[in-house]
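# Results of the structural survey
In case you want the letters, here they are:
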Amino acid sequence: MSNDFHRRLIAEFRANRGVLSGMFEGWSLAVLTTIGARSGLDREVLLGYLRIDGNGVVVASANGADRNPAWYHNIRRNPRVTVETGSDTYQAMAAIPRGAAYERLFAQVVAEAPGYGDYQAKTTREIPVVVLHRIDERVKGMGDWLVEVHQWFRSELRALREQADGLVNGRATAIVRPKPDLAQEMRTHCLSFCTALRRHHVGEDSVVFPSLATQFPALAPAIAQLAEQHHVVARLRDSIRELVDGFVPGESDPGRLRTELERLAGELEAHFDFEEQAVVTALNATAAAPPTA
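Computed from a predicted structure; not experimentally measured. (Residues numbered from 1 in each chain as written. Predicted model: local features only at pLDDT ≥ 70, side-chain atom pairs only at ≥ 80, totals over all residues. Heavy atoms only, no water.)

### Remarks on the overall build of the protein
Within the protein, the regular secondary structure consists of eight helices and seven strands. Counting all 293 residues of the protein, 43% fall into the buried class. The contacts in the protein between residues at least 6 apart in sequence include a share of 70% that link residues at least 24 apart. Total accessible area computed for the protein in this model is approximately 15700 Å², and 52% of it derives from carbon and sulfur atoms. (Helix = DSSP H or I, 4+ residues; strand = E, 2+ residues; numbered from the N terminus. Buried < 20%, exposed > 50% of the residue type's maximum accessible area, 1.4 Å probe, protein only. Contact = heavy atoms within 4.5 Å. Areas by Shrake-Rupley, 256 points an atom, 1.4 Å probe, with all protein chains shown as cover.)

If you want it as structure tokens, here you go:
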């Protein structure tokens, strides 16, 4: 199909709200806009479009050619796409199922559109199937919940730093603190914070991030970087916990404790910012927020 012919088809598709004449009359189609893997420019392609399990689905069949189409390489670099069905236009995250999930999905695709099975028979490559997860800003998802968790950690760490400042000021002015003293309150607070932070990162590393990296190959480098950051945060967390557990009023140095907390705060803030930029959109598109207690 020539580029000029393809552009005319897209123009007709848009002008007629998803309806084409001639050889494509009656087909279920969509215009998929991706970002070029090399150029960084918008790239439009008209594709067969299916609805399976509530999501849009497109197939990188290339009519059974031995190479994946260019648009598929684009979504492996940047999974955010625009989908136009004629009656609806939406932003989506393009996920690439693997393994058993792929096998089930491809069977559903062939059941609805047997021609894709014919294309698979023409080539030795495994024809990819792409699931288009709608990005709906009106619905709270797992990504929004992640941001809320980060905000809680930020507030907890801010409270710890304020208490460290209180220790420094109390030591300098020789204020006698009431029982339970501030050090004991801070010890209890830090134990709760450190335990929650550890559980949060273990859950991400063992369940959430591997799933995202599998579905969205473009996110894999960022997810690997986040995992490395978790190791750094873990070391800082353990250091803070040791400092707080071993703090003895009148003997230990509260200034050192405050310095370590400031360092942890800086590392965590950079980590949270990067994590929110890298994965919140994908999480919102693919999973609902967990129920609250």
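### A few points about the pattern of salt bridges
Think of it this way: side chains of opposite charge can pair up when their charged atoms draw near. Tallying each qualifying case throughout the model produces nine salt bridges. Here Arg 134 makes a salt bridge to Asp 88, at a shortest N to O gap of 2.4 Å. One end of the pair, Arg 134, is in strand S7 (residues 129–134); the other, Asp 88, is in the loop between strand S5 (80–84) and strand S6 (89–95), with 46 residues separating them in the sequence. A relative accessible area of 35% means that Arg 134 is categorised as partly exposed. Here Asp 88 falls in the partly exposed class, since its relative accessible area comes to 28%. Residue Arg 258 is joined to Asp 165 by a salt bridge in which the shortest nitrogen-to-oxygen separation is 3.2 Å. With a gap of 93 residues between them, Arg 258 in helix H8 (residues 254–286) and Asp 165 in helix H5 (residues 142–173) connect regions that are remote in the sequence. Each of Arg 154, Glu 269, Asp 273 and Glu 276 takes part in a single network of salt bridges with overlapping partners. (Salt bridge = Lys/Arg side-chain N within 4 Å of Asp/Glu carboxyl O.)

### So, the layout of surface pockets
Left-over empty space is what a probe sized like a water molecule reveals as it rolls over the atoms. By volume, the largest pocket amounts to about 1400 Å³. His 6, Val 45, Leu 46, Leu 47 and Trp 71 are, among the 43 residues lining the largest pocket, the residues nearest its centre. Going through the elements one at a time, helix H1 (3–15), strand S1 (29–35), strand S2 (42–48), strand S4 (55–59), helix H2 (70–77) and helix H4 (115–122) are the ones with two or more residues in the lining of the largest pocket. Considering every element that reaches the lining of the largest pocket, the biggest residue donor is S2, with seven residues. (1 Å grid on protein atoms, 1.4 Å probe; cavity = no way out; pocket = protein on both sides within 12 Å on 5 of 7 lines; lining within 4 Å. Points joined across faces, edges and corners; volume = space filled by probe spheres on them.)

### Topic: the packing of aromatic side chains
Taken as a whole, this structure holds four aromatic pairs when the rule is applied. Ring centres 5.0 Å apart and planes at 85° place the aromatic pair Phe 24 and Trp 27 in the edge-to-face group. Above the face of the Tyr 90 ring, Arg 134 is positioned so that its terminal group lies 4.1 Å from the ring centre. (Phe/Tyr/Trp six-rings, centres within 6.5 Å; stacked < 30°, edge-to-face > 60°. Lys NZ or Arg CZ within 6 Å of the ring centre and 35° of its normal.)

### Considering the side chain of Glu 260
Inspection of the secondary structure puts Glu 260 in helix H8. Owing to a relative accessible area of 13%, Glu 260 belongs among the buried residues under this scheme. A distance of 2.8 Å separates a polar atom in the side chain of Glu 260 from a polar atom in the side chain of Arg 263. (Polar contact = N/O pair within 3.5 Å; in protein donor to acceptor, adjacent residues only side chain to side chain.)

### Overview of the packing of helix H3 (residues 99–112) against H4
H4 packs onto H3 with a crossing angle of 120° between their chain directions and a minimal axis gap of 7 Å. Considering their axes alone, H3 and H4 lie oblique with respect to each other. The residues of H4 that touch H3, namely those facing Tyr 102, Phe 106, Val 109 and Val 110, are Tyr 116, Gly 117 and Gln 120. (Axes fitted to C-alpha atoms, helices over the stretch in contact; angles between N-to-C directions. Parallel < 35°, antiparallel > 145°, perpendicular 65-115°, else oblique.)

### As for unusual backbone geometry
One non-glycine residue, Arg 17, lies in positive phi territory at about 55°. Relative to the helices and strands, Arg 17 is located in the loop between H1 and S1. Backbone geometry at Asn 63 places phi at a positive 55°, although glycine is not the residue there.

### Overview of the side chain of His 150
Inspection of the secondary structure assignment puts His 150 in helix H5. Polar contacts involving the side chain of His 150 include one to the side chain of Glu 275, which spans 2.5 Å.

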